[in-house]
Amino acid sequence: MFLIAYGFLISGWLRVLGCPAKPGLQRFLVCFPVVLGNCMIPLLFDAASVKESTSFARQALKIVTAYVFMWMTNCKVLAFCLNRGMLAAAEKWSFWRFCGAVVCTISIKTDSFNARTGKSNLDLQSKMKKIFRWSYQACCKAGLLLIIIYLLSTKEFGFLLKETLHNWALYTWLGCALEGMQIVALAIFDINSIDSFNYPFVASSSQDNWGNRWNLTTASTMKPISYDLVMADTIIGKNTEDSSKSKKSRRPEWRRVLAVLSIFTLSGILHTVYFWYLSKLWIWQWMVYFFMLGMAIVLEQAMEQFLLKTLKIDVVRAVPSLIRHVIATVCFLTMNQFFYETVYEIGMFKLVILFQQEYLS
């Protein structure tokens with residue numbers, strides 16, 4: 001309830017004071033108290049000082065909720081200061097829908113709403129179908145998550161199987177949380193949002209996984225202040241459209257590489273800060289981990305271009321998607337081996353296990 005009330009409070013601040021301000025430094029100075037306040041919210045919960053494991057789990061899950069809200073909202077606000085992102089698109093909406101865009105951890109589906117009013121173009125039947133589909137998917141993910149939690153809290157597994165189950169648990173947990181927020185946004189605020197996940201377990205490459213399938217809500221929220229900012233001609237957005245899309249082909253290769261690395265570096269910084277809130281430790285492995293993910297995509301794209309130009313081999317057409325999926329999965333699991341234990345010991349999944357042991361056992 002506190003986060004909801006706080007969300008409406010900062011929505012009023014952004015709407016009344018932020019929208020009239022000129023994009024750039026002026027709007028940033030007006031919105032800075034919101035950014036600072038968001039950074040202070042996770043400090044209200046101190047999990048590091050709690051000794052009992054179950055109390056630690058409760059406090060840590062509160063920090064996770066507060067931090068996800070802070071992460072998503074601050075990315076939206078910083079993009080808003082540059083006249084980019086979803087809040088720039090929602091600037092002329094009604095106050096109610098603007099609040100929904102601020103409070104809900106979603107990414108707006110830009111082709112399904114009236115640009116002037118923000119009202120969804122979906123009719124009642126289409127809305128009900130979407131809400132039912134998201135509800136069904138969330139229930140399936142919740143059931144699978146409980147099964148995985150039970151297995152990992154009661155059985156011993158080898159490294160690869162344990163890591164695979166952890167990744168599935170992360171997918172199901174995030175899917176439940178984000179799809180629940182998508183339902184709230186559509187049912188209460190009449191805001192249609194993109195699907196957060198697009199079957200990442202069938203991704204055929206690193207590019208396909210991170211660009212088209214995994215946690216698209218968070219990726220599209222970070223994109224305006226990282227990737228788009230590097231690819232754009234100006235720092236201040238000229239409109240709410242992604243100005244880099246129409247000119248992407250004219251950008252030099254080094255700029256595209258820098259843009260890819262920028263969004264993964266930003267993700268690494270945000271994960272590092274998250275674990276500091278949780279444990280008061282700076283887990284530098286996150287920075288290296290996400291930088292390596294970005295480099296993997298850069299190298300993968302470079303290899304595809306090399307094979308296409310020199311050997312005239314189109315990897316996408318020549319290599320079956322199943323084989324590409326297996327290769328990408330093996331590379332991902334191999335790289336994770338260097339970071340998994342640290343992530344697991346203080347990570348989200350262990351917190352969920354501790355929470356389950358207290359309340360579901």
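Everything numeric in this text was worked out from a predicted model, so none of it was measured. All residue numbers refer to position in the chain's written sequence, counted from 1. Totals for whole chains, interfaces and linings use every residue, but because this is a predicted model, local features are given only for residues with pLDDT of at least 70 and side-chain atom pairs only at 80 or more, for both listing and counting. Excluding hydrogens and water, the side-chain values take into account all heavy atoms of the structure.

Q: Would you take a moment to explain the overall build of the protein chain for this structure?
A: Numbering of helices and strands starts at the N terminus; helices are DSSP runs of H or I of at least 4 residues and strands are runs of E of at least 2. Helix and strand content of the protein chain: 16 helices and zero strands. Within the protein chain, buried positions represent 48% of all 361 residues. Accessible area for the protein chain stands at about 18,300 Å²; split by element, carbon and sulfur atoms hold 68% of it. Whether a residue is buried, partly exposed or exposed follows from its accessible area with a 1.4 Å probe, protein chains only, as a fraction of its type maximum: under 20%, in between, or over 50%, in that order. In short, Shrake-Rupley with a 1.4 Å probe defines the accessible areas, and a residue's cover is counted only from the protein chains shown.

Q: What is the right way to read the nonpolar core from this model?
A: Nonpolar side chains in soluble globular proteins tend to end up buried together. Counting residues in each nonpolar core, the largest one holds 35 residues, and the members touching the most others are Tyr67, Met222, Phe264 and Leu270. Breaking this core down by element, the ones donating at least two residues are α3 (53-81), α7 (159-188), α10 (227-231), α11 (253-279) and α12 (285-310). Broken down by element, the residue count for this core peaks at eleven residues, all from α11. Two residues form a contact once any of their heavy atoms are found within 4.5 Å. The contacts of Tyr67, once residues within four sequence positions are left out, are Pro42, Leu270, His271, Val273, Tyr274 and Tyr277. Only buried residues count toward a nonpolar core, which is a set of Ala, Val, Leu, Ile, Met, Phe, Trp, Tyr and Cys residues joined through side-chain atoms within 4.5 Å. Cys19, Met86, Ala90 and Phe98 belong to the second-largest nonpolar core, a separate cluster that totals 26 residues.

Q: Please explain a nonpolar patch on the surface as it appears in this structure.
A: Grouping into patches uses exposed residues only, defined as over 30% relative accessible area, and leaves out salt-bridged ones; the cut-off is 9 Å for like charges and 5 Å for nonpolar side chains (Val, Leu, Ile, Met, Phe, Trp, Tyr). The salt bridge criterion pairs a side-chain nitrogen of Lys or Arg with a carboxyl oxygen of Asp or Glu, the two atoms within 4 Å. A cluster of nonpolar side chains, Leu25, Phe28, Leu29, Phe32, Leu36, Met40 and Leu43, forms an exposed patch at the surface whose accessible area comes to about 660 Å². Summarising the element assignment, Leu29 is placed in helix α2 (residues 25-40). On the accessibility criterion, Leu29 (54% relative accessible area) is exposed.

Q: When you look at α2 in this model, what are you seeing that I'm missing?
A: The periodicity of an α-helix, 3.6 residues per turn, causes residues three or four positions apart to be oriented the same way. To estimate the expected span of a helix, count its residues, drop one, and scale the result by 1.5 Å. Counted at 1.5 Å a residue, the expected span for α2 with its 16 residues is 22 Å, and the 22 Å between its end C-alpha atoms agrees. Cys31 marks the point of greatest bend in α2, at about 45°, and the proline Pro33 comes within the next four residues. Looking at α2, one finds that the buried residues are Arg27, Cys31, Val34, Val35 and Asn38. Working definition for bend: take the seven residues up to and ending at a residue and the seven starting at it, fit an axis to each, and measure the angle between the axes.

Q: Whenever I open this one, the environment of Asn83 confuses me. Can you help?
A: If you trace the backbone, Asn83 turns up in the loop between α3 and α4 (85-89). Spatially, the C-alpha atoms of Asn83 and Lys22 are 9.0 Å apart, while their sequence positions differ by 61 residues.

Q: Mind showing me how you'd approach the pattern of salt bridges here?
A: Side-chain pairing between opposite charges can occur once the charged atoms of the two side chains come close. Applying the stated criterion across every chain, the model contains seven salt bridges. Between Arg133 and Asp195 there is a salt bridge whose closest N-O contact spans 3.3 Å. Of the two residues, Arg133 sits in helix α6 (residues 124-154) while Asp195 sits in the loop between α7 and α8 (206-213), which places them 62 residues apart along the sequence. Looking at Asp195, the relative accessible area reads 28%, which means it is partly exposed. With a shortest N-O distance of 2.9 Å, Glu179 and Lys141 are connected by a salt bridge. Taken together, the residues span a long stretch of sequence, with Glu179 in helix α7 and Lys141 in helix α6 at a distance of 38 residues. Across the pair, Lys141 and Glu179 agree in class, each one buried. When salt bridges that share partners are traced, they join Arg97, Lys127 and Asp190 into one network.

Q: Whenever I open this one, the packing of helix α1 (residues 2-18) against helix α5 (residues 95-103) confuses me. Can you help?
A: A packed helix pair is summarised by two numbers, namely the angle formed by the two axes and the spacing between the axes. The N-to-C vectors of α1 and α5 enclose an angle of 120°; their axes lie 9 Å apart at closest approach. The handedness of the crossing between α1 and α5 comes out as right-handed. The residues of α5 that touch α1, namely those facing Gly7, Phe8, Ile10, Ser11, Gly12, Leu14 and Arg15, are Phe95, Trp96, Phe98, Cys99, Val102 and Val103. Here the contact of α1 with α5 is built from residues that sort into nine nonpolar, three polar and one charged. Inter-axis angles, ranging from 0 to 180 degrees, are taken between N-to-C directions of lines fitted to C-alpha atoms, where helices are fitted over the stretch in contact. Here a crossing is called left-handed whenever its near helix is offset anticlockwise from the far helix by less than a right angle, and right-handed whenever the offset is clockwise. Charged residues are taken to be Asp, Glu, Lys and Arg, nonpolar residues to be Ala, Val, Leu, Ile, Met, Phe, Trp, Tyr, Cys and Pro, and polar residues to be all remaining types, Gly included.

Q: Explanation requested: α1 in the structure shown.
A: Helix length check: α1 (17 residues) gives 22 Å between terminal C-alpha atoms against 24 Å at 1.5 Å per residue, within 8%. Here α1 has its buried residues at Tyr6, Gly7, Ile10, Ser11, Gly12, Leu14 and Gly18.

Geometric descriptors of this kind do not, in isolation, establish any biological role.
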